[in-house]
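# Residue-level structure breakdown
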Amino acid sequence: MKRRTLPLLSALLLAGACATAQADSCRKNIFDGYDCTYDNGTTSTSRANIFNGQDVTYSDGRTSSSRGNIFGGQDTRYSDGTTSTSRENIFKGQDTSYSDGHRSTSRENIFKGQDTQYSDGTTSSSRANIFGGQDTRH
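Here's a quick rundown of the structure. (Residues numbered from 1 in each chain as written. Predicted model: local features only at pLDDT ≥ 70, side-chain atom pairs only at ≥ 80, totals over all residues. Heavy atoms only, no water.)

## A short note on the packing of aromatic side chains
Taken as a whole and judged by the stated rule, the model has 1 aromatic pair. Ring geometry for Tyr38 versus Tyr58: centroids 6.0 Å apart, planes at 45°, classification tilted. Residue Tyr38 is located in strand β2 (residues 34-38), and its partner Tyr58 is located in strand β4 (residues 54-58); the two are separated by 20 residues in the primary sequence. Of the two residues, Tyr38 and Tyr58, both sit in the buried class. Residue placement shows Arg47 over the ring face of Phe31; its charged tip is 4.0 Å from the ring centre. The ring of Phe111 is capped by Arg127, whose NZ or CZ atom sits 3.9 Å from the centre of that ring. (Phe/Tyr/Trp six-rings, centres within 6.5 Å; stacked < 30°, edge-to-face > 60°. Helix = DSSP H or I, 4+ residues; strand = E, 2+ residues; numbered from the N terminus. Buried < 20%, exposed > 50% of the residue type's maximum accessible area, 1.4 Å probe, protein only. Lys NZ or Arg CZ within 6 Å of the ring centre and 35° of its normal.)

This is the structure we're talking about:
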């Protein structure tokens, strides 16, 4: 995937899972997506779709599907009926709004990852790993 994928990885996979867990480690897979392991023991697999986004399946049965938007971000629909919209910001990150009222903003860091702040006061920081994905601390 394009270099721009790493911010999308943060916005899509990390934020998409934040209701129950955040990604500890993701690696690129053969479907032009990512295989991720979360801190609560669940996993996810994503694959690129024809809409410039990702279709994600979680081991606990949840799913999400995103498509690229005109703001350099993603419009995402989750299986619980919630949605999110992200847009690229001037810090090479994403500003994301969720239909439940939450928000997050991320910026690129020196480790080729993202530092993310959530509207509930929590933060996370990711760095690129040797598997073409990111490792995240929160």
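## Remarks on the side chain of Gln134
Structurally, Gln134 is set in strand β12 (residues 134-137). Among the residues examined, Gln134 registers a relative accessible area of 2% and is labelled buried. Here the side chain of Gln134 touches Ser126 through a polar contact of 2.5 Å, side chain to side chain. (Polar contact = N/O pair within 3.5 Å; in protein donor to acceptor, adjacent residues only side chain to side chain.)

## Here's the deal with the state of the cysteines
Under the counting rule described, the total for this entry stands at 1 disulfide. Each sulfur in the disulfide pair Cys26 and Cys36 lies 2.0 Å from the other. Taking the sign of the S-S torsion, 110° for the link of Cys26 and Cys36, the bridge is right-handed. Within this pair, whereas Cys26 is found in strand β1 (residues 23-28), its partner Cys36 is found in strand β2, the two being separated by 10 residues in sequence. A relative accessible area of 2% means that Cys26 is categorised as buried. (Disulfide = S-S within 2.5 Å.)

## Section: unusual backbone geometry
Generally, phi is negative for residues other than glycine and the peptide bonds are trans, each holding for most cases. Backbone geometry places Asp32, a non-glycine residue, at a positive phi of 60°. When you line up the elements, Asp32 lands in the loop between β1 and β2. For Asp32, a relative accessible area of 33% translates into the label partly exposed. The phi torsion at Asn52 lies on the positive side, around 65°, for a residue other than glycine. Mapped onto the elements of the fold, Asn52 is located in the loop between β3 (43-48) and β4.

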